Amino acid sequence: MKILEISKLLNAEICCGEDRVESEVCSACGSDMMSDVLAFVKDQAVLLTGLVNSQVIRTAEMMDMRCVVFVRNKKPSEEMLEIAKDSGIVVLTSPMRMYEACGTLYSNGLGIKGENESHE
Amino acid sequence: MSEPLVYTFAVDGDNFTSAGEASVKMKKNLRMLAISPDIIRRVAIAMYEGEINMVIHAGGGVATVSVYADKIEIVLKDNGPGIADVELAMREGFSTAPETIRNLGFGAGMGLPNMKKNTDSMSIESALGVGTTISMTVNL
Ligand SMILES: Nc1ncnc2c1ncn2[C@@H]1O[C@H](COP(=O)(O)OP(=O)(O)OP(=O)(O)O)[C@@H](O)[C@H]1O
Ligand SMILES: [Mg+2]
């Protein structure tokens, strides 16, 4: 799925990375605990979260993620957007709640399996 | 390349917002050295977890990364309170982080085990009231 399509499905505003919205991603995850993202996530390219701080963007960067979606209309700070631009990460903000945002993407075909994981 | 390439970073313990800057910079350095993305990710995750720990548990410290021909070594040194029981601290889910840290998205007690998982070797030297030094290596 293209990041642009994600933004449309989630009614999201693109906060930075407009030039990368045509890139394809094939899996996502949702969490407010960066500890868990760092420890359990594998090859998911999109992170949906209700937590807003610089560590969210850095965690995504460490995990080689391509897109961060803030739910419930949370707005990232300028500083966070600078870090995201520097790392080539697209940042979106959506009015949807976490459950609805994840469900919407999932039911439209964005799964949980990363690029390098086998599909059972 | 017999002499390692050495990168040193001061990690500011008073600023949660800047925590992780060293790991982001190191990740860029490793990309320029054309090291495989898989190795880079493992080094970055282990270093980032350690860097966050230094900020939230130890008031900052120094991170040193040495790139050898056959391995990458990460040493994280702080003068914080030390770890009373290293074996306990290494267990998944053990955390002394307060609610305030959990509200920032950390404090699940997953960091140290994750550092071990992402590296080929890891050792912790810690003394109460003196500080903690964590050394990790990732083979190339
Ligand atoms: N550098 C350090 N100095 C002092 N204590 C530390 C240090 N690093 C870890 N600890 C102690 O070990 C515990 C476990 O660390 P670990 O990184 O596994 O979990 P955490 O930091 O509490 O949570 P998470 O890493 O999941 O965000 C910490 O809660 C803390 O008590
Ligand atoms: Mg930790």
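Keep in mind that what you see is a predicted model, and the values were worked out from it rather than measured.

Caption draft 1: Quick look at helix α1 (residues 21-32) of chain B. Its 12 residues place the ends of α1 of chain B 17 Å apart at the C-alpha level, agreeing with the 16 Å of an ideal helix rising 1.5 Å per residue. All buried positions along α1 of chain B are accounted for by A22, S23, V24, M26, K27, N29 and L30 of chain B. Lining the buried residues of α1 of chain B we find α3 (54-62) of chain A together with β1 (5-12), α2 (37-58), β2 (60-67) and β3 (71-78) of chain B. Once α1 of chain B ends, the next one or two residues include A34 of chain B, with phi positive near 55 degrees.

Caption draft 2: Structural context of the site of ligand 1. Close contacts around ligand 1 come from 22 residues, with S35 of chain A together with S95, T96, G107 and M110 of chain B the closest. The residues that come close to ligand 1 belong to more than one chain, namely chains A and B. In the environment of ligand 1, an oxygen atom lies 2.8 Å from a nitrogen or oxygen atom belonging to the side chain of H57 of chain B. For ligand 1, a nitrogen atom lies 2.9 Å from a polar atom in the side chain of D78 of chain B. Out of a free accessible area of 590 Å², ligand 1 has 96% covered by protein chains. Of all the elements in the fold, those that place two or more residues in the shell around ligand 1 are α2 and α5 (111-118) of chain B. When residues of the shell around ligand 1 are assigned to their parent elements, the largest contribution, four residues, is made by α2 of chain B.

Caption draft 3: The packing of aromatic side chains, seen in detail. Residues and elements named next belong to chain B. Taken as a whole and assessed by the stated rule, the structure comprises one aromatic pair over all chains. Seen from their ring centres, F16 and F106 are 6.1 Å apart, and the 75 degrees between their planes marks the pair as edge-to-face. Highlighted residues: F16 in the loop between β1 and α1 and F106 in the loop between α4 (99-102) and α5, separated in sequence by 90 residues. One cation-aromatic arrangement involves K71 over Y68; the distance from NZ or CZ to the ring centre is 5.0 Å.

Caption draft 4: Local environment of the sheet that holds strand β4 (residues 121-127) of chain B. All names here are of chain B. Taken together, five strands build an open sheet; the order of strands is β1-β2-β3-β5-β4 and the sheet is antiparallel. Lying at the two open borders of the sheet, with one neighbouring strand each, are β1 and β4. With direction set aside, neighbouring strand axes in the sheet form an average angle of 10 degrees. Where β2 lies against β3, seven bridges are found, and the strand directions are antiparallel. By the bridge assignment for β3, V67 is matched with I72. Sheet strands touched by α1: β1, β2 and β3. Its angle to β1, the strand with the most contacts, is close to 160 degrees.

Caption draft 5: Inspection of the confidence of the model for chain B at higher detail. With 99% of its residues at a pLDDT of 70 or more, chain B has an overall mean of 96. Quick note on the complex model: pTM equals 0.95, ipTM equals 0.94.

Caption draft 6: Fine view of the interface of chain A and chain B. The partner chain B presents 28 residues to the 21 residues of chain A that form the contact. Of the roughly 2000 Å² buried where chain A meets chain B, counting both sides, 53% is carbon and sulfur surface. Of all residues in chain A, Q55, R58 and M62 of chain A bury the most surface against chain B, accounting for 30% of the area lost on that side. For the interface between chain A and chain B, the tally reads six salt bridges. D86 of chain A is paired through a salt bridge with K28 of chain B; the nearest N and O atoms lie 3.0 Å apart.

About the cut-offs
- Residues numbered from 1 in each chain as written.
- Chains lettered and ligands numbered in written order.
- Predicted model: local features only at pLDDT ≥ 70, side-chain atom pairs only at ≥ 80, totals over all residues.
- Heavy atoms only, no water.
- Helix = DSSP H or I, 4+ residues; strand = E, 2+ residues; numbered from the N terminus.
- Expected span 1.5 Å × (residues − 1).
- Buried < 20%, exposed > 50% of the residue type's maximum accessible area, 1.4 Å probe, protein only.
- Contact = heavy atoms within 4.5 Å.
- Near = heavy atom within 4 Å.
- Polar contact = N/O pair within 3.5 Å; in protein donor to acceptor, adjacent residues only side chain to side chain.
- Areas by Shrake-Rupley, 256 points an atom, 1.4 Å probe, with all protein chains shown as cover.
- Phe/Tyr/Trp six-rings, centres within 6.5 Å; stacked < 30°, edge-to-face > 60°.
- Lys NZ or Arg CZ within 6 Å of the ring centre and 35° of its normal.
- Pairing = 2+ DSSP bridges.
- Axes fitted to C-alpha atoms, helices over the stretch in contact; angles between N-to-C directions.
- pLDDT = per-residue confidence, 0-100.
- Buried area = accessible area lost by both parts, 1.4 Å probe.
- Salt bridge = Lys/Arg side-chain N within 4 Å of Asp/Glu carboxyl O.

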